[in-house]
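So the chains spell out like this:
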Amino acid sequence: MKSKTFDFSLYVITGENYHPGRKLEQVMEQALRGGADIVQLRAKDAPKREVLAQARMLRDLTARYQVPLIINDHLDIAQAVSADGVHLGQEDLPLAEARAILGPDRIIGISTHNIAQALEAQAGGADYIGVGPVFPTGTKPGRQAVTTSYVREAAERVTIPFVAIGGITLDNVDAVLEAGAKRVCAVSAIVGSAEPAETCRAFKHRLRAFAAMAMPDPASKRIRVNGREDWTNAGNVQELVRQYGLQGARIVVELDGVILSREAWADTQLAEGAQLELVHFVGGG
Amino acid sequence: MIEANANIDPLVIGGKRLQSRFFLGTGRFPSPAVLQLALEASKAEVVTFAVRRVNLDDAREDSILQHMQERELTYLPNTSGANNADEAVRIARLARAAGLGTWIKVEISANPRTLLPDPLETLRATERLAAEGFVVLPYTSDDPVLCKRLEEAGAAAVMPGGAPIGSGLGILNPYNIGLIAQESRVPIIVDAGIGSAGDVVQAMELGADGILVNTPVAKALDPVGMAQAMRLAVEAGRLSYLSGRIPRRQYASASSEAEGVSKPALSLDTDNNGNSARDVKLDAAIAAQGENAAREAAVALASDIRQHAAEAADAGKELGGIG
């Protein structure tokens, strides 16, 4: 299922207590529609059979959106539903044992609260680490927030993907991104929101903006797509179409006023300031 | 017997032979599933679409085409949203680049409230797109001269509206639609304004070659039922048109011979209310008494006619002026 070269920018974790009256499936599908690109099932206190049922449901859902599914803590459930990986805390099964059980192909993520734990997880073969809690959070009550200074440290010293987590909302995400995070994780801010899809889109927009501006990437360009400003590091039109998740869709691309045949997408470079129109057929009379 | 059969009575547009004279729009259906079922029920082979920007925040939203990939359809994208010929040409080129054929419905609205087509821009766009090799079906107002001009500009079929889009007002000017159908050398597809199956039959009886609807099916209480009703109406109307309606007459014309009515002989003479009796009287007068007597009889008849006409006019007023 998974490929080891995975990457992501918006990590969403389940939290049923944040959306009473709404189904887990419905809320998580909203998050996926909004652009969540990795999903973790976390249900610390639920009976195992219930967690298994939820894992199966999320496996089907994430497969439809081609997004990796990570199971918190339960290796056996991850194996049972063919999840893409597991996420382990500092008190859970150690990384080496988990790797021995799961093998080299599954993703293993480790929660870290200081740089020593981060470097240990990196040396031990973790695929990514969590860095947090950046801010005080109801998800982990009583744990001391590590603040953005740990994010800054991680940005300097950690070479594997790290995701900032803990109390991150649309109001404080800029501080986290300014500290050097390229990936963020939110629980209550997303699944507790009335419009999870909208919230995810807003997070993704901030992430893209920072990827382009705060951390200048020589390959990153400011472009205009369907009348809206965006940033992309896509080298050509084909890559851009893929970044929008439109590969395989019957769309037509117009670049700077000229229609671009599908065959030409891969060979057409994207320049700074490019204006694109991506259109398709909708119902009409 | 005449049959609604494409082998005997084909509708050919842009070199394509169509089995069905019923074209269906795909907008405003309550769900993709209902659209699919309505499409089945309609047996339509030509379906229309609009061209719009992809919603980048929700790339996985259902594109309309996902629901109709298995069917053998002719795609007729429209240029809705265009306000002039340049915009219509651009949308047509985008639609063609999608790789689903070269048909295009030119739709250029000049007024957001009525959505009535802009005749001059529609004519310009039709000329340009026909020259670029498109199969052009312009949506136009029901003006017989304009429809002729569109034909001359290279339209593969011309699509006059019966009434404003989505209004359901039916055929507001049957005289024009009939004249357009009579004079055109390309197929006439009545598009827009249809409200019910009755309107469909009327348009077909006026000589339209086909019907394009969207809203009256999509927004019907039961879209699938209405799709079927209109499909049947297209066939019924076509058959009726081909079979030839009787001329309209002022008075009744009995379905049976007047000879041999089983009544006392006296009452035939005294009963002069029935038309058949009057006809018999006139015929008999001409045959038996020569021209002069016949003239007298005709004068008497004319007086009758005036009286009946006055009565009919009164009845018409009571019925709300049908005509």
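Residues numbered from 1 in each chain as written. Chains lettered and ligands numbered in written order. Predicted model: local features only at pLDDT ≥ 70, side-chain atom pairs only at ≥ 80, totals over all residues. Heavy atoms only, no water.

1. Regarding the UniProt feature "binding site: Mg(2+)" (unreviewed entry) in chain A
Residue and element names in this part refer to chain A.
Item 1. Per the UniProt record, the feature "binding site: Mg(2+)" (unreviewed entry) sits at Asp 73 and Asp 92. A maximum C-alpha distance of 6.6 Å is found for the annotated residues, which run over 20 residues; spatially they form one tight group.
Item 2. The residue Asp 73 is located in the loop between β3 (69-72) and α3 (75-80) in this model.
Item 3. When its relative accessible area of 28% is taken as the criterion, Asp 73 is described as partly exposed.
Item 4. With respect to the helices and strands, Asp 92 occurs in the loop between β4 (85-88) and α4 (95-102). (UniProt positions renumbered as here; feature names shortened; annotations may be inferred. Helix = DSSP H or I, 4+ residues; strand = E, 2+ residues; numbered from the N terminus. Buried < 20%, exposed > 50% of the residue type's maximum accessible area, 1.4 Å probe, protein only.)

2. Structural notes on the UniProt feature "binding site: 1-deoxy-D-xylulose 5-phosphate" (unreviewed entry) in chain B
Residues and elements named next belong to chain B.
Item 1. UniProt feature "binding site: 1-deoxy-D-xylulose 5-phosphate" (unreviewed entry): in the numbering of this structure it lies at Gly 166, Ala 192, Gly 193, Asn 214 and Thr 215. Annotated residues spanning 50 residues; largest pairwise C-alpha distance 9.6 Å, indicating a single compact cluster.
Item 2. Tracing the sequence through the fold places Gly 166 in the loop between β8 (159-160) and α5 (174-183).
Item 3. Beyond its immediate chain neighbours, meaning those up to four positions away, Gly 166 contacts Gly 193 and Thr 215.
Item 4. Counting through the fold element by element, Ala 192 comes out in the loop between β9 (189-191) and α6 (197-205).
Item 5. Since its relative accessible area comes to 9%, Ala 192 is described here as buried.
Item 6. Those residues in contact with Ala 192 that sit more than four places away from it in its chain are Tyr 139, Gly 161, Gly 162, Ala 163, Ile 165 and Leu 212. (Contact = heavy atoms within 4.5 Å.)

3. Here we look at unusual backbone geometry
All names here are of chain A.
Item 1. The step from Gly 132 to Pro 133 runs through a cis peptide bond, and the omega angle for that step is 0 degrees.
Item 2. Within the fold, Pro 133 resides in the loop between β6 (128-131) and α6 (147-157).
Item 3. The phi angle at Ser 82 is positive, at roughly 55 degrees, despite the residue not being glycine.
Item 4. Relative to the helices and strands, Ser 82 is located in the loop between α3 and β4.
Item 5. Of note in this structure, Asn 226 is not a glycine but carries a positive phi near 50 degrees.
Item 6. Within the element layout of this structure, Asn 226 appears in the loop between β9 (221-225) and β10 (228-232).

4. Side note on the pattern of salt bridges
Item 1. Within the structure shown, the criterion is met by 21 salt bridges over all chains.
Item 2. Across the salt bridge formed by A:Arg99 and A:Asp127, the nearest N and O atoms sit 2.9 Å from each other. Of this pair, A:Arg99 sits in helix α4 while A:Asp127 sits in the loop between α5 (115-123) and β6; the two residues are 28 residues apart in sequence, bridging distant segments of the chain. Each member of the pair, A:Arg99 as well as A:Asp127, is classed as buried.
Item 3. Of the charged contacts in the structure, one is a salt bridge between B:Lys105 and B:Asp191, with a shortest N-O distance of 2.8 Å. Note that B:Lys105 is positioned in strand β6 (residues 103-106) and B:Asp191 in strand β9, a separation of 86 residues in sequence.
Item 4. We classify B:Lys105 as buried; its relative accessible area is 3%.
Item 5. B:Asp191 gets classed as buried once you look at its relative accessible area, which sits at 5%.
Item 6. Put simply, B:Arg93, B:Arg96 and B:Glu132 are held in one network by salt bridges that share partners. (Salt bridge = Lys/Arg side-chain N within 4 Å of Asp/Glu carboxyl O.)

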